[in-house]
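Topology and contacts: notes
The residues making up each chain are set out below.
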Amino acid sequence: MKKFTIRLTIILLLSATLFSFSDQYFRISKNIDVFAALFKEVNTYYVDDVEPSKLMRACIDGMLKTLDPFTNYFSESQIENARIQQGGKFGGVGMEIEIIGKQPVITSIWQNQPADKAGLKVGDIITHIDGAVTLNRSKEDVDRILIGQPKTALNFTINRPTANGVISLNRNITREEIQETNVPFMGMLTNDIGCIKLKIFNENAGRDVREAFDSLKRINPNMKGVILDLRGNPGGLLHEAVNIVNIFMEKNKLVIT
């Protein structure tokens, strides 16, 4: 009687699990059908012209926003840029931009890199790249243009605000292989407090932070604390974040689940 009871319980649990999976797949399939029908109706009958790829991207982004900030979708055109960011090596001109007033503005110049050697400055407004207008382009579009094979050239038209008005400049800049710096700054803020600026969690970020931390300790053996500056950091590789945590935590402590 006992064996019969146990066997019956297992069969009932298995049946319930299979029913649960079947019900879940049915709901997924039903919602996909509803979405496909709605997507087709909007693209076919909406009063204005609709760009299907942009509409689909908005749908995907809206869906993922209901989850958490770390679940993202990379399109085929974005995959290579994501790999470059994680690897840290790429062909570029050595600067960062942000879209301000619908135009790309240089917000950072890397020392001794092509943009720096060409005399570009923070605050310069990029109006054209290789003759193409940059107005209303997204940051992703401009970044995709800046990154390319080393030894290839780009032509920039720049508007530079000055005390006497805006001046226009034209610069030819050749891309070089760039090793992105994980730790662009480290130093002592006070006699006993250090600071390490971490730009991105890419390959070797843990190693670079450890080297910076060891250097600060050599500079000041009585250092009591360190500020790890993550402002503007876009994230990156999880295992490198764990490596960095290991620098500051005791052994056998839980870091992530």
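Check the entry above for the structure.
Below you will find a few notes about this structure. (Residues numbered from 1 in each chain as written. Predicted model: local features only at pLDDT ≥ 70, side-chain atom pairs only at ≥ 80, totals over all residues. Heavy atoms only, no water.)

Some points on the overall build of the chain
What counts here: Working definition: helices are DSSP H or I runs of at least four residues, strands are E runs of at least two. Numbering for both runs from the N terminus. Exposure categories follow from relative accessible area, calculated using a 1.4 Å probe and restricted to protein chains: below 20% of the type maximum is buried, above 50% is exposed, and the middle band is partly exposed. Pairs of residues are marked as contacts when any of their non-hydrogen atoms sit within 4.5 Å. We get accessible surface area from the Shrake-Rupley algorithm with a probe of 1.4 Å; when it comes to residues, only the shown protein chains can shield them.
Helices and strands together make up the secondary structure of the chain, namely seven helices and 11 strands. Counting over 257 residues, the chain shows a buried share of 28%. Long-range contacts, defined as pairs at least 24 residues apart, comprise 54% of the intrachain contacts of the chain with a sequence gap of at least 6. When the accessible surface of the chain is summed, it comes to about 17800 Å², and 56% of that surface belongs to carbon and sulfur atoms.

Some words on a nonpolar patch on the surface
Keep this limit in mind: Only residues whose relative accessible area exceeds 30% and that form no salt bridge enter a patch; like-charged residues are grouped when within 9 Å of one another, and nonpolar side chains (Val, Leu, Ile, Met, Phe, Trp, Tyr) when within 5 Å. We count a salt bridge whenever a side-chain nitrogen from Lys or Arg sits within 4 Å of a carboxyl oxygen from Asp or Glu.
On the surface, L38, V42, Y46 and V47 cluster together into a nonpolar patch covering about 410 Å² of accessible area. Relative to the assigned elements, L38 resides in helix α1 (residues 2–45).

Considerations on the packing of helix α6 (residues 205–219) against helix α7 (residues 238–248)
What counts here: Here an angle of 0 to 180 degrees is reported between the N-to-C directions of two axes, which are lines fitted to C-alpha atoms, with helices fitted over the stretch in contact. An angle below 35 degrees is treated as roughly parallel, one above 145 as roughly antiparallel, one from 65 to 115 as roughly perpendicular, and anything else as oblique. Whether a crossing is left-handed or right-handed is set by the direction in which the near helix is turned from the far one by less than a right angle, anticlockwise for left-handed and clockwise for right-handed.
For the pair α6 and α7, interaxial distance at closest approach is 7 Å and the crossing angle is 25°. Taken together, the axis directions place α6 and α7 in an arrangement best described as roughly parallel. Crossing geometry of α6 relative to α7 is assigned as right-handed. Between α6 and α7, the residues in contact are A205, G206, V209, R210 and F213 and E240, N243, I244, N246, I247 and F248, respectively.

So, the packing of aromatic side chains
Aromatic ring pairs are defined here through the distance separating the ring centres and the angle between the ring planes. This is how the line gets drawn: Pairing of aromatic rings covers Phe, Tyr and Trp, the last counted by its six-membered ring, and requires centre-to-centre distances within 6.5 Å; plane angles under 30 degrees mean stacked, over 60 mean edge-to-face, and any other angle means tilted.
Inspection of the entire model under this criterion finds two aromatic pairs. Ring geometry for F35 versus F39: centroids 5.8 Å apart, planes at 25°, classification stacked. Of this pair, F35 and F39 both sit in helix α1, four residues apart, which is roughly one turn of that helix. Geometrically, the ring pair formed by F213 and F248 is edge-to-face, given 5.3 Å between the ring centres and 70° between the ring planes. Pair noted here: F213 is in helix α6 and F248 is in helix α7, with a separation of 35 residues, a long-range link. A relative accessible area of 40% places F248 in the partly exposed class.

Here's the deal with the environment of V50
Its place among the elements puts V50 in the loop between α1 and α2 (52–65). Using a relative accessible area of 25% as the deciding quantity, one classes V50 as partly exposed. Apart from the residues lying within four places of it in its own chain, the contact partners of V50 are V42, N43 and L55.

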